[in-house]
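Single-letter residue listing:
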Amino acid sequence: MKRGIAGTYVSVEPFHLFRYLDEQSFRFNNRRANDAGRFQSCALADRRKRLTFSDLTGKSQLAASA
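What counts, and where the lines are drawn
Residues numbered from 1 in each chain as written. Predicted model: local features only at pLDDT ≥ 70, side-chain atom pairs only at ≥ 80, totals over all residues. Heavy atoms only, no water. Salt bridge = Lys/Arg side-chain N within 4 Å of Asp/Glu carboxyl O. Helix = DSSP H or I, 4+ residues; strand = E, 2+ residues; numbered from the N terminus. Buried < 20%, exposed > 50% of the residue type's maximum accessible area, 1.4 Å probe, protein only. 1 Å grid on protein atoms, 1.4 Å probe; cavity = no way out; pocket = protein on both sides within 12 Å on 5 of 7 lines; lining within 4 Å. Points joined across faces, edges and corners; volume = space filled by probe spheres on them. Nonpolar A, V, L, I, M, F, W, Y, C, P; charged D, E, K, R; others polar.

**Q** Summarise the pattern of salt bridges; cite the residues concerned and give the values.
**A** Scanning all chains against the criterion turns up two salt bridges. E23 is paired through a salt bridge with R27; the nearest N and O atoms lie 3.0 Å apart. Note that E23 and R27 are positioned in helix 2 (residues 17-29) at a spacing of four residues, about one turn of the helix. Judged by its relative accessible area of 29%, E23 falls in the partly exposed class.

Pasting the structure below:
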């Protein structure tokens with residue numbers, strides 16, 4: 001896991017660490033699939049849930065706590 005994070009990202013923010021760990025665990029759990037298979041399973045995982053930019057960047061959490 002450490003090699004995957006250090007080899008992929010330039011800097012890892014502690015605030016987003018759980019997201020990096022989620023991605024690495026997804027890659028490990030789907031390691032037998034190729035890139036297209038991983039993309040397809042990720043894209044089809046939850047088609048009904050909308051991901052906004054503020055949720056992705058964590059800005060909605062910062063606004064709620066302020």
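Structure's up, so let's keep going.
**Q** Provide a residue-level description of the layout of surface pockets, including the pertinent values.
**A** Counted as a void, the largest pocket has a volume near 730 Å³. The wall of the largest pocket is formed by 17 residues, among which R19, D22, C42, L51 and L56 lie closest to the centre. Within the residue set of the lining of the largest pocket, elements represented by two or more residues are helix 2, helix 3 (35-45) and helix 4 (53-57). In terms of residue count, helix 2 provides more of the lining of the largest pocket than any other element does, six residues in total. Tallied by class, the residues present in the lining of the largest pocket amount to eight nonpolar, three polar and six charged.

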